[in-house]
Amino acid sequence: MIAVPGQVEWILSKLNQGGYEAYLVGGCVRDILLGKLPQDWDVATGARPEQVKACFEGYSVLETGIRHGTVTLLLDHVPYEITTFRKEGAYADHRRPKEVAFIGELEEDLKRRDFTVNAMAYHPKTGLRDCFGGEKDLKDRLIRAVGNPETRFSEDALRILRALRFASTLGFSIEPRTKGALLSMRGQLSFVSPERKREELTKLLTGPCAGRVLQEAPEVFRELFPALGEKSVRLAGAALEQLPPRLELRLAALCFGGCLTGEGESPAFWEARLKEQKWSNEVIRRVVGLLSCAGEPLPSDWIGAKGLAARYGIAPLEDSLRLKAAFGSPQGEAGAWVRRLKEERPCLSFKELEVTGRDLLHAGALPGKELGQSLEWLLQEVLEERLPNRKEALLQAFRRRMGRKD
Ligand code: ATP
Ligand code: MG
């Protein structure tokens, strides 16, 4: 039923030969049953980390998370995580527990996992171990908590976002009791670190069913973006479905939903919120650029379109038009101008000007402020097509201007 790569079979049999139980677990079992190639292969075993290391003596074994029972075996540069069966200790503050206890039983290990579809184990010889009905939920396309959903979400509130993440990436529904629990426990998301939330949100927003998830559980997104009202989240959800699955575009859509309904205020407001949420500087720069560009009036002519492209870049301008279109704003001729910008690639920056600062110094410019102003002036003349972007013409214009000043 399941095609397991030779190396993975070898890892399992090596552990078995050492006298230990070993299974594939978690996401890889789910993915194979769905007919998808898993991103990574996780093994759970009764062997303790030292015992795992002994089974793979002579191989490269990294102690990646030894306190949690995880070592990483490298075979041909491919990492395989091998984790000792474990049970988690008491949960403090609705976050993952600091302590774990190693145990000898697979079933206990499966019980601590989040959702039934993620709580199955598989061994090529003994087949599937499915203690919580994961295979049926997979067929019915359902995300269901293992055990009591209220308890599981209060143990680790990140699971609330994980449920929505899997609903988005797999296109599954959330089983009603699980959904009710995640909605009622959503306030506890404030206990989870921004970094863990950011990781899940990234996968959620870029998933194929992100739009539907936003529309179905807007309350949860309000916990993450308190400036947004439910209406904005729903609006953003509908828009998101029409946007390519790129993080900066989809994150910008969520913020833009707020800008439109007046709940989200300015790009600077969102910049501060995204910083608090610990998004990378690069992501923040892109989202804020998109929001600022989308906040500009549509260009009324070709020169105006060039001006916007010079300020924000051609690709961000194109993305901002996509963003606006997804929210139903008409684009006028802007789409055609973006196509022309991409074809013609006109000069939009100092780098593309046919004269350099050095050329202007040779022609008599004074270094410093005046040089900068001259370059700025030439770029503006080229952008507005009063001058062609040709070296001789630019130098001549520069000399004329100097002459006028003298
Ligand atoms: P992906 O294919 O996106 O990596 P995954 O199911 O492998 O999906 P991971 O975040 O890599 O997801 O987690 C691996 C497994 O560990 C999950 O399948 C689940 O069994 C368990 N797990 C991860 N995070 C939690 C959590 N917060 N609470 C309970 N179990 C978890
Ligand atoms: Mg994984």
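The present account deals with the structure reproduced in this document.

Parameters and conventions
Residues numbered from 1 in each chain as written. Chains lettered and ligands numbered in written order. Predicted model: local features only at pLDDT ≥ 70, side-chain atom pairs only at ≥ 80, totals over all residues. Heavy atoms only, no water. Pairing = 2+ DSSP bridges. Helix = DSSP H or I, 4+ residues; strand = E, 2+ residues; numbered from the N terminus. Axes fitted to C-alpha atoms, helices over the stretch in contact; angles between N-to-C directions. Contact = heavy atoms within 4.5 Å. Phe/Tyr/Trp six-rings, centres within 6.5 Å; stacked < 30°, edge-to-face > 60°. Buried < 20%, exposed > 50% of the residue type's maximum accessible area, 1.4 Å probe, protein only. Lys NZ or Arg CZ within 6 Å of the ring centre and 35° of its normal. Near = heavy atom within 4 Å. Polar contact = N/O pair within 3.5 Å; in protein donor to acceptor, adjacent residues only side chain to side chain. Areas by Shrake-Rupley, 256 points an atom, 1.4 Å probe, with all protein chains shown as cover. Expected span 1.5 Å × (residues − 1). Salt bridge = Lys/Arg side-chain N within 4 Å of Asp/Glu carboxyl O.

Some points on the sheet that holds strand β5 (residues 78-84)
Inference 1: The sheet built from seven strands is open, its strands ordered β3-β4-β5-β2-β1-β8-β9 with mixed pairing. Strands at the two margins of the open sheet, each flanked by one partner only, are β3 (60-65) and β9 (127-129). Recorded for the sheet is a direction-independent mean angle of 35 degrees between the axes of neighbouring strands.
Inference 2: Pairing of strand β8 (residues 121-123) with β9 involves three bridges; the strand directions are antiparallel. Counterpart to His-123 in the pairing with β9 is Gly-127.
Inference 3: Along the sheet, helix α1 (residues 6-17) contacts β1 (22-25), β2 (42-45), β4 (70-75), β5 and β8; its crossing angle with β1, the most-contacted strand, is approximately 145 degrees.

A few points about the packing of aromatic side chains
Inference 1: All told, the structure shown has seven aromatic pairs when counted by the stated rule.
Inference 2: Aromatic pair Phe-115 and Phe-166: ring centres 6.2 Å apart, planes at 75 degrees, arrangement edge-to-face. Of this pair, Phe-115 sits in the loop between α4 (106-111) and β8 while Phe-166 is found in helix α7 (residues 158-170), placing the two residues 51 residues apart along the sequence.
Inference 3: Judged by relative accessible area, which is 1%, Phe-115 ranks as buried.
Inference 4: Counting every residue linked through ring pairs, the aromatic cluster contains Trp-10, Phe-56 and Tyr-59.
Inference 5: For the cation-ring pair, Arg-165 lies above Phe-166, with the distance from its terminal atom to the ring centre recorded as 4.1 Å.
Inference 6: The lysine or arginine in question, Arg-273, covers the ring of Phe-269, its NZ or CZ lying 4.7 Å from the ring centre.

Some details on unusual backbone geometry
Inference 1: Within the chain, Arg-345 stands out as a residue other than glycine whose phi angle is a positive 45 degrees.
Inference 2: Following the sequence through the fold, Arg-345 ends up in the loop between α18 (334-344) and α19 (357-362).
Inference 3: Phi is positive for Glu-385, which is not a glycine, with a value near 60 degrees.

What to know about the site of ligand 1
Inference 1: Near ligand 1 you find 13 residues, and of these Arg-30, Asn-118, Arg-159, Arg-162 and Arg-165 are the closest.
Inference 2: Between ligand 1 and Asp-114, the relevant distance is 3.1 Å, taken from a nitrogen atom to a main-chain nitrogen or oxygen of the residue.
Inference 3: The contact in question runs from a nitrogen atom of ligand 1 to an N or O atom on the side chain of Asp-156, over 3.0 Å.
Inference 4: About the coverage of ligand 1: the protein hides 82% of its 580 Å² of free accessible area.
Inference 5: Element by element, the count of residues in the shell around ligand 1 is highest for α7, at four residues.

Focus on α7
Inference 1: Look at α7: 18 Å from first C-alpha to last across 13 residues, which is about the 18 Å you get at 1.5 Å a residue.
Inference 2: Summarising burial for α7: 11 of the 13 residues are buried, a large majority.
Inference 3: Of the residues making up α7, those classed as buried are Leu-158, Arg-159, Ile-160, Leu-161, Ala-163, Leu-164, Arg-165, Phe-166, Ala-167, Ser-168 and Leu-170.
Inference 4: Just downstream of α7, Gly-171 is the residue with a positive phi angle, here 75 degrees.

Observations regarding the pattern of salt bridges
Inference 1: Taken as a whole, this structure holds 38 salt bridges when the rule is applied.
Inference 2: One salt bridge in this structure joins Asp-156 and Arg-196, with 3.0 Å as the shortest N-O distance. Pair noted here: Asp-156 is in the loop between α6 (149-155) and α7 and Arg-196 is in helix α9 (residues 194-205), with a separation of 40 residues, a long-range link. Taken individually, Asp-156 and Arg-196 each receive the classification buried, so the pair is uniform in this respect.
Inference 3: The salt bridge partner of Arg-286 is Glu-282, with a shortest N-O separation of 2.9 Å. One end of the pair, Arg-286, and the other, Glu-282, are both in helix α15 (residues 281-295), four residues apart, so they sit about a helical turn from each other.
Inference 4: We classify Arg-286 as partly exposed; its relative accessible area is 40%.

Examining the pairing of β2
Inference 1: One ladder, built from three bridges, connects β1 with β2; its direction is antiparallel. By the bridge assignment, Ala-22 is partnered in β2 with Thr-45.
Inference 2: In terms of strand pairing, β2 meets β5 through four bridges, oriented parallel. Bridging from a neighbouring strand, Ala-44 pairs with Thr-83 of β5.

Everything listed here is a matter of geometry and, on its own, says nothing about what the molecule does.
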